[in-house]
Amino acid sequence: QKMPPSLPATINIQEPRWDQSTFQGRAKHFFMVTDPRNLLLSGATLEEARRVVEDYRAGTVHPGLTEDQLWRAKYIYDSAFHPDTGEKMILVGRMSAQVPMNMTITGCMLTFYRTTPAVLFWQWVNQSFNAIVNYTNRSGDAPITPSQLGTAYVSATTGAVVTALGLKSLTKHLPAIIGRYVPFAAVAAANCINIPLMRQRELKLGIPVTDENGNRLGESTAAAQKAIFQVVVSRIGMAAPAMAIPPVIMNILEKRAFLKRYPYLNAPLQVGLVGLCLVFATPLCCALFPQKSSMPVSSLEPEVQDQIRKKDRWLETVYFNKGL
């Protein structure tokens, strides 16, 4: 006798578990997506999650599968595989790597900001990491060529380093606390350069836009512009608490006898404070905008509007993956 499936095949796992039209729902979703513990999962666990998700989408429910297990598999799958291409993402480029990687890099940027070689080195490390993250979490499924990737990486890294050094020279004669904010200003400026450059192909050729049910309607550069703007805002917001709060605390602590007696604790303390900020800032800033973003058809380019009107003349809103 065949056992009945434990779950109906009607749960919509194309969408997140929580309501993405509310900030609270998006925050719950991104706390799961950015959970650093996902980095420790084995290749076999990732493949099992992929199998559960793909089988369920195809209408096959594994015997004994519970709803919680299905959602757990979906979030493991989402943490490691690109939503548009389905390919396994580079480990350090995944959103679950954001907290440990940014915590280390940002902590070191804030600790070693006094000398020019240190500024150069840590801005280069940070932009190299950002380039990997921006490429890994791009929107759409169109490939990017190595030459485009190389040009974008060199331009973004140069922009960040020039900004950091320029600001550092401007703040030489200002109070020490001001100098501590140079890394944040450089990171904010670099995000405005790095993200559009790493995703320049989307700005030239557009990203896929769909109807509410995920049916592809065409590619839009207007949607790409909106997607990239939202990601830039989120990334600057993500960096702000981690780069704004620890300098104030460290400035106070460095005047106390404790840190003067144990100066080697400076870097670990800084990294720890940054990590604490990032654990909350990363998911909450990812949640500022829905991942499945939308815009009115009337805001798209005229030729894309015409293309859509031929398929569905009454459609008012299109959707797209904004990337992260």
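The protein chain is annotated in an unreviewed UniProt entry as Sidoreflexin from Leptocoma aspasia. Under the heading Catalytic activity (unreviewed entry), UniProt records this for the protein chain: "L-serine(in) = L-serine(out)".

Caption draft 1: Region of interest: the confidence of the model for the protein chain. In the predicted model, the protein chain carries a mean pLDDT of 81, and the fraction of residues at 70 or more is 95%. Ranking the elements of the protein chain by mean pLDDT puts helix H7 (residues 176-179) last with 70 and helix H1 (residues 23-33) first with 90. Here residues 1-5 scores under 50 on pLDDT; set against residues more than four positions off or in separate chains, the count is one contact.

Caption draft 2: The UniProt feature "transmembrane region" (unreviewed entry) in the protein chain, seen in detail. In the numbering used here, UniProt assigns the feature "transmembrane region" (unreviewed entry) to residues 227-249 and 269-289. Within residues 269-289, the helical portion is 86% and the strand portion 0%, while the C-alpha atoms at the span's ends are 32 Å from each other.

Caption draft 3: How the structure looks around empty space enclosed by the protein. Taken as a whole and assessed by the stated rule, the structure comprises three cavities of 30 Å³ or more. Residue lining of the largest cavity: 14 residues in total, with Asn102, Asn130, Val187, Arg235 and Ala239 positioned closest to the centre. When residues of the lining of the largest cavity are traced back to their parent elements, those giving at least two are helix H4 (98-111), helix H5 (116-136), helix H8 (182-198) and helix H10 (221-253). When its residues are assigned to classes, the lining of the largest cavity shows seven nonpolar, six polar and one charged.

Caption draft 4: Examining the pattern of salt bridges more closely. Counting across every chain of the model gives eight salt bridges. The closest approach of N and O atoms between Arg50 and Glu47, which form a salt bridge, is 3.2 Å. In this pair, Arg50 and Glu47 are both assigned in helix H2 (residues 43-57), three residues apart and thus about one turn of the helix distant. Residue Arg50 is classed as partly exposed on the basis of its relative accessible area of 21%. The partly exposed category is assigned to Glu47, whose relative accessible area is 36%. Residue Arg216 pairs with Glu219 through a salt bridge whose shortest N-O separation is 2.8 Å. Within the structure, one salt-bridge network assembled from shared partners comprises Glu47, Arg50 and Glu54.

Caption draft 5: Looking closely at the environment of Gln200. Assignment of secondary structure puts Gln200 in helix H9 (residues 200-205). Given the relative accessible area of 16%, Gln200 is considered buried. Placed 24 residues apart in sequence, Gln200 and Ala224 show a C-alpha to C-alpha distance of 9.3 Å. Setting aside anything within four residues of it in sequence, one finds Gln200 in contact with Gln148 and Ala152.

Caption draft 6: Quick look at the layout of surface pockets. What the largest pocket holds in volume is close to 1300 Å³. If you trace the largest pocket, you find 44 residues lining it, with Gln14, Pro83, Asp84, Lys292 and Asn321 closest to the centre. Of the residues that constitute the lining of the largest pocket, the class distribution is 14 nonpolar, 19 polar and 11 charged. Split by domain, the lining of the largest pocket shows at least three residues from each of two domains, domain 1 (23-88) and domain 2 (95-321).

Caption draft 7: Structural detail: helix H3 (residues 67-80). Here H3 is 14 residues long and its end C-alpha atoms lie 20 Å apart, about the 20 Å a rise of 1.5 Å per residue gives. Those residues of H3 that sit buried are Leu70, Trp71, Ala73, Lys74, Tyr75, Ile76, Tyr77, Ser79 and Ala80. Buried-residue contacts for H3 involve H1 and H2.

Caption draft 8: Seen up close, the domain arrangement of the protein chain. Per the domain assignment, the segments making up the protein chain are domain 1 (23-88) and domain 2 (95-321). When each unit is reduced to the centre of its C-alpha atoms, the spacing between domain 1 and domain 2 is 25 Å. Between domain 1 and domain 2, a total of about 1600 Å² is buried, with carbon and sulfur atoms accounting for 66% of that surface. The interface formed by domain 1 and domain 2 holds zero salt bridges in total.

About the cut-offs
- Residues numbered from 1 in each chain as written.
- Predicted model: local features only at pLDDT ≥ 70, side-chain atom pairs only at ≥ 80, totals over all residues.
- Heavy atoms only, no water.
- UniProt positions renumbered as here; feature names shortened; annotations may be inferred.
- pLDDT = per-residue confidence, 0-100.
- Helix = DSSP H or I, 4+ residues; strand = E, 2+ residues; numbered from the N terminus.
- Contact = heavy atoms within 4.5 Å.
- 1 Å grid on protein atoms, 1.4 Å probe; cavity = no way out; pocket = protein on both sides within 12 Å on 5 of 7 lines; lining within 4 Å.
- Points joined across faces, edges and corners; volume = space filled by probe spheres on them.
- Nonpolar A, V, L, I, M, F, W, Y, C, P; charged D, E, K, R; others polar.
- Salt bridge = Lys/Arg side-chain N within 4 Å of Asp/Glu carboxyl O.
- Buried < 20%, exposed > 50% of the residue type's maximum accessible area, 1.4 Å probe, protein only.
- Domains from an automatic or database assignment.
- Expected span 1.5 Å × (residues − 1).
- Buried area = accessible area lost by both parts, 1.4 Å probe.

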